[in-house]
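Here is how the chains run, residue by residue.
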Amino acid sequence: RVSSDGKPPKFQPPPKPIIIDRKTQKEERRFLSPEFIPPRGRTDPLKYYIERKDMIQRRKVFSIPEFYVGSVLAVTTADPYASDKSKRFVGICIQRGGKGLGATFVLRNVIEDQGVEICYELYSPRIQAIEVLKLEKRLDENLMYLRDALPEYSTFDVNMKPVPRMEHEEIPVNKLQVRMKPKPWSKRWERPKYNIKGIKFELPEHKMKAAQKWSQPWLEFDMLREYDTSKIEAKIRKELSEELEK
Amino acid sequence: SAVIQRQFSITGACQAIQKLTRVRVVDNSTLGNTPYHRPPKCIHVYNKTGVGKVGDKILLAIKGEKKKALIVGHKMPGPTMTPRFDSNNVVLIEDNGNPIGTRIKTPIPYTLRRREGEFSKVLAIARNFV
């Protein structure tokens, strides 16, 4: 570009590069599987350390993807009695339990009007592949109420295609309010002990009020029940990232 | 909309299938599918313990007659990696092991395949496996 005087334009230094340290940001936000966090108790932390080493060993050989309660998974397991020696089951994860190597997750699906639930062990050598078809969270940590909900909320197509998802996107929270079958239910889900937000209760007002009789509002202030996992989590995250890089 | 309450009580899953459990017949036999004012109930379990799990034979009382049946799924959670069904499923069977129905639409657990010799005919009419 020629300026009005005929002289060359004034030197403009390039803009300073903005350094965004993505690595530390990523590490803070990265998902830590809940079975790594040791339960509150008086056992020797050495036991959990040894278990974690075994879990990391297994994860190096077999990748366990990130998933939450409410995401749809497809699991292929080895079975000597199945044709082709392996069987595939698609379902929504309704519960993640257990700590350490015995961590389990329960998948639920309705096949031919029959509700089926299978409890899989995450670190079992019989599992050949875990595929996340739809990664999403729900309003609750435990979706056991799907057993008493209308079957349409638990049916998932066996040949479902994985829903594409961009990396670095927030995990979507499905704010679905599920409609239930008429009472009696397997558990009284309207009671505050279960603290369920994902059900559309169509019960009369006096029933909802009567259920609040069993509320224990002092529980959230109970100091002996507090379990702050932030420091433990940070330590375990560091350990994991070191081990997985080796 | 008001929630209609059904006038019966259900017990939670206690011990899989035992005497007096109401079961659901899963095959397409006439005896199992014709409606009756009483649900089919178990009256005896052919087992050392009185508790029937998947693959055990039981005696059912259906429509006023006694019939043997094979348990193909129960509400009680079993060993991990095995399926747990939302209803106690049963397939009507003769004394020699031949199934009475001709088709089983509901899914059957793969663990029944272990006893291929006894249940080969039942497995042959099953469509879906879980």
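Attention in this report is confined to the structure presented alongside it. (Residues numbered from 1 in each chain as written. Chains lettered and ligands numbered in written order. Predicted model: local features only at pLDDT ≥ 70, side-chain atom pairs only at ≥ 80, totals over all residues. Heavy atoms only, no water.)

## Looking at helix 2 (residues 116-125) of chain B
Residues and elements named next belong to chain B.
Next, step 1: For helix 2, the complete set of buried residues consists of Phe 119, Val 122, Leu 123 and Ile 125. Down the axis of helix 2, the smallest arc covering the buried residues is 155°, so these residues share one side. In helix 2, those exposed residues whose orientation departs by more than 90 degrees from the buried face are Gly 117 and Ala 124.
Next, step 2: In the core, the buried residues of helix 2 are packed alongside strand 3 (57-62), strand 4 (65-73) and strand 6 (89-93). (Buried < 20%, exposed > 50% of the residue type's maximum accessible area, 1.4 Å probe, protein only. Helix = DSSP H or I, 4+ residues; strand = E, 2+ residues; numbered from the N terminus. Arc of directions from axis to C-beta. Contact = heavy atoms within 4.5 Å.)

## Topic: the pattern of salt bridges
Next, step 1: In this structure the tally under the stated criterion is 16 salt bridges over all chains.
Next, step 2: A salt bridge links Glu 131 of chain A to Arg 88 of chain A; the nearest nitrogen and oxygen atoms lie 3.8 Å apart. A residue pair is termed long-range when its members are at least 10 positions apart, and Glu 131 of chain A in strand 5 (residues 127-134) and Arg 88 of chain A in strand 2 (residues 86-97) qualify at 43 residues.
Next, step 3: Overall, Glu 131 of chain A belongs to the partly exposed group, its relative accessible area being 34%.
Next, step 4: The partly exposed category is assigned to Arg 88 of chain A, whose relative accessible area is 42%.
Next, step 5: Measuring nitrogen to oxygen at the nearest pair gives 3.2 Å for the salt bridge that ties Glu 202 of chain A to Arg 179 of chain A. Taken as a pair, Glu 202 of chain A in the loop between strand 7 (173-174) and helix 3 (205-211) and Arg 179 of chain A in the loop between strand 7 and helix 3 lie far apart in primary sequence, 23 residues in all.
Next, step 6: One salt-bridge network, in which partners are shared between bridges, spans Arg 108, Glu 117 and Arg 147 of chain A together with Arg 84 and Asp 86 of chain B. (Salt bridge = Lys/Arg side-chain N within 4 Å of Asp/Glu carboxyl O.)

## Things to note about the sheet that holds strand 2 of chain A
Next, step 1: If you trace the 6 strands from one edge of the open sheet to the other, you get 5(A)-1(A)-2(A)-3(A)-4(A)-5(B), paired in antiparallel fashion. On the outer flanks of this sheet lie strand 5 of chain A together with strand 5 (83-85) of chain B, each paired with one strand and no other. Shown here is a sheet whose adjacent strand axes are inclined to one another by a mean of 35°, direction ignored.
Next, step 2: Bridge count between strand 2 of chain A and strand 3 (residues 104-111) of chain A: 5 bridges; the pairing is antiparallel. (Pairing = 2+ DSSP bridges. Axes fitted to C-alpha atoms, helices over the stretch in contact; angles between N-to-C directions.)

## As for the nonpolar core
All names here are of chain A.
Next, step 1: With 54 residues, the main nonpolar core has Phe 105, Tyr 120, Tyr 145 and Leu 146 as its most contacted residues.
Next, step 2: Looking at this core, the elements that each hand over two or more residues are helix 2 (45-61), strand 1 (72-78), strand 2, strand 3, strand 4 (114-121), strand 5 and helix 4 (230-245).
Next, step 3: Per-element tally for this core: the top contributor is strand 2, with 5 residues.
Next, step 4: Excluding residues within four positions of it along the chain, Leu 146 makes contact with Ile 92, Ile 94, Arg 108, Tyr 153, Ser 154 and Val 178. (Core = buried A, V, L, I, M, F, W, Y, C linked by side-chain atoms within 4.5 Å.)

## What to know about the packing of helix 2 of chain A against helix 4 of chain A
All names here are of chain A.
Next, step 1: Where helix 2 meets helix 4, the axes come as close as 11 Å, and the angle between the chain directions of the two elements is 45°. Our classification of the angle between helix 2 and helix 4 gives oblique. For the element pair helix 2 and helix 4, the recorded crossing hand is right-handed. Of helix 4, the residues touching helix 2 (which contributes Tyr 49, Arg 52, Ile 56 and Lys 60) are Ile 236, Glu 239, Leu 240, Glu 243 and Leu 244.
Next, step 2: Across the contact of helix 2 with helix 4, the residue classes break down as 5 nonpolar, no polar and 4 charged. (Parallel < 35°, antiparallel > 145°, perpendicular 65-115°, else oblique. Left-handed = near helix turned anticlockwise from the far one by under 90°. Nonpolar A, V, L, I, M, F, W, Y, C, P; charged D, E, K, R; others polar.)

## Some remarks on the interface of chain B and chain A
Next, step 1: Across the boundary between the two partners, chain B contributes 25 residues, which contact 28 residues of chain A.
Next, step 2: Between chain B and chain A the total buried area reaches about 2,400 Å² when both faces are included, carbon and sulfur atoms providing 54% of it.
Next, step 3: Across the contact surface, chain B and chain A share 2 salt bridges.
Next, step 4: For the salt bridge of Arg 108 of chain A with Asp 86 of chain B, the shortest nitrogen-to-oxygen distance reads 2.9 Å.
Next, step 5: Our enumeration of links across chain B and chain A arrives at 9 residue pairs in polar contact (both at pLDDT 80 or more).
Next, step 6: Examining the composition of the side of chain B that touches chain A, we find that 3 residues originate from one element, strand 5 of chain B, more than from any other.
Next, step 7: Looking at the side of chain B that touches chain A residue by residue, the class counts come to 10 nonpolar, 8 polar and 7 charged.
Next, step 8: The sheet contact formed by strand 4 of chain A and strand 5 of chain B spans 3 bridges and is antiparallel. By the bridge assignment for strand 5 of chain B, Glu 117 of chain A is matched with Arg 84 of chain B. (Buried area = accessible area lost by both parts, 1.4 Å probe. Polar contact = N/O pair within 3.5 Å; in protein donor to acceptor, adjacent residues only side chain to side chain.)

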